[in-house]
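Analysis of the macromolecular model
Chain by chain, the residues:
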Amino acid sequence: MPADNIFSRAEQLAREQLAQQAAAAGLQEPQFQVAVVKSTRPVPACAAPVALETADSRSAQRMRFVAVCPGSNGWRYEMLVRGSVTAQVVVTGVPVTANTPLQAGDVALARRDVTMVPDSIAAPADAVGLTSRRSLRAGEVLRQGQLAAPVLVKRGSAVSIVARKEQVEVSMAGEAMDPGALGQVIRVRNAASGTVIRARVVDEDVVEPAEIPGR
């Protein structure tokens, strides 16, 4: 089999691997560039059909494939394929201040190279309402690892402890002993009894006892 045929098959297999990874990540409109890093070592002739195996495709920039010639006189020929991925991902449309909830107008979709960005965000709705851990310039790719739910309860702040059961609602004053974002469970001291309970954050400065299922 000619070497060029083996190389083209390796590139096609690399594209397929990248497409699977992009689909699993939910990337929008992904596009791929792949190229075999040609070795000075020639590909030997093989009388039988050459099989192609994936050795390692975890890194798009360093995918390794092996061409296998079967038989007693067979051989293995390793190839390195470098790939890159671009996709429509969420970027900042304006400069963003750290720890400020993102608004719909703060984000946009744009095509970016995400080869080295495994945690890019595919849909603007998945970023709106979250805060960035650091300030961002306009046009930066938003990453899941840099975003967090905004803190709705600050440590030491006065909170309302709301307990609901069927049609009955009881509210009492408390003090937050931990900061918390929506859905997080924190320690809260009942202002009247001094008892410390575990409570789930349900709104700004509002919690409910943790044993009550979250909404």
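Residues numbered from 1 in each chain as written. Predicted model: local features only at pLDDT ≥ 70, side-chain atom pairs only at ≥ 80, totals over all residues. Heavy atoms only, no water.

Topic: the pattern of salt bridges
Scanning the model with the defined rule gives twelve salt bridges in all. Among the salt bridges present, the one from arginine 64 reaches glutamate 78, with a minimum N-O distance of 3.8 Å. Here arginine 64, found in strand β3 (residues 63-69), pairs with glutamate 78, found in strand β4 (residues 75-92); they are 14 residues apart in sequence, far enough to count as distant. One salt bridge in this structure joins aspartate 119 and arginine 143, with 2.8 Å as the shortest N-O distance. Placement of the pair is aspartate 119 in the loop between β5 (107-113) and β6 (131-132) and arginine 143 in the loop between β6 and β7 (147-148), with a sequence separation of 24 residues. Relative accessible area serves as the criterion here: at 18%, aspartate 119 is assigned to the buried category. A single network of salt bridges, built from pairs that share partners, joins Arg164, Glu169, Arg200 and Glu208. (Salt bridge = Lys/Arg side-chain N within 4 Å of Asp/Glu carboxyl O. Helix = DSSP H or I, 4+ residues; strand = E, 2+ residues; numbered from the N terminus. Buried < 20%, exposed > 50% of the residue type's maximum accessible area, 1.4 Å probe, protein only.)

So, the side chain of glutamine 17
Tracing the sequence through the fold places glutamine 17 in helix α1 (residues 3-25). Glutamine 17 gets classed as buried once you look at its relative accessible area, which sits at 16%. If near-sequence neighbours (up to four positions away) are discounted, glutamine 17 is found in contact with Thr54, Ser57 and Phe65. (Contact = heavy atoms within 4.5 Å.)

Quick look at the state of the cysteines
Simply put, disulfide is the name for a covalent bond between the sulfur atoms of two cysteines. Taken as a whole and judged by the stated rule, the model has one disulfide. One disulfide bridge connects cysteine 46 with cysteine 69, the sulfur atoms lying 2.0 Å from each other. Around the S-S axis, the bridge from cysteine 46 to cysteine 69 shows a dihedral of about 85 degrees and counts as right-handed. Remark: cysteine 69 occurs in strand β3 and cysteine 46 occurs in the loop between β1 (28-37) and β2 (51-56); sequence separation between them is 23 residues. Cysteine 69 carries the same exposure label as cysteine 46, and that label is buried. (Disulfide = S-S within 2.5 Å.)

Here's the deal with the side chain of threonine 115
Looking at the element boundaries, threonine 115 is found in the loop between β5 and β6. A polar atom in the side chain of threonine 115 sits 2.8 Å from the backbone nitrogen of valine 85. A polar contact is formed between the side chain of threonine 115 and the side chain of aspartate 113, at a distance of 2.6 Å. Ignoring any residue separated from it by four or fewer positions in sequence, one finds threonine 115 in contact with Ala60, Gln61, Gly83, Ser84 and Val85. (Polar contact = N/O pair within 3.5 Å; in protein donor to acceptor, adjacent residues only side chain to side chain.)

Here's the deal with the nonpolar core
Membership of the largest hydrophobic core comes to 31 residues, with the highest contact counts inside it found for Trp75, Met79 and Val81. Where this core is concerned, the elements lending two or more residues are α1, β1, β3 and β4. Excluding its chain neighbours within four sequence positions, the residues that come into contact with tryptophan 75 are Ile6, Val43, Pro44, Ala45, Cys46, Val50, Ala67, Val68 and Cys69. (Core = buried A, V, L, I, M, F, W, Y, C linked by side-chain atoms within 4.5 Å.)

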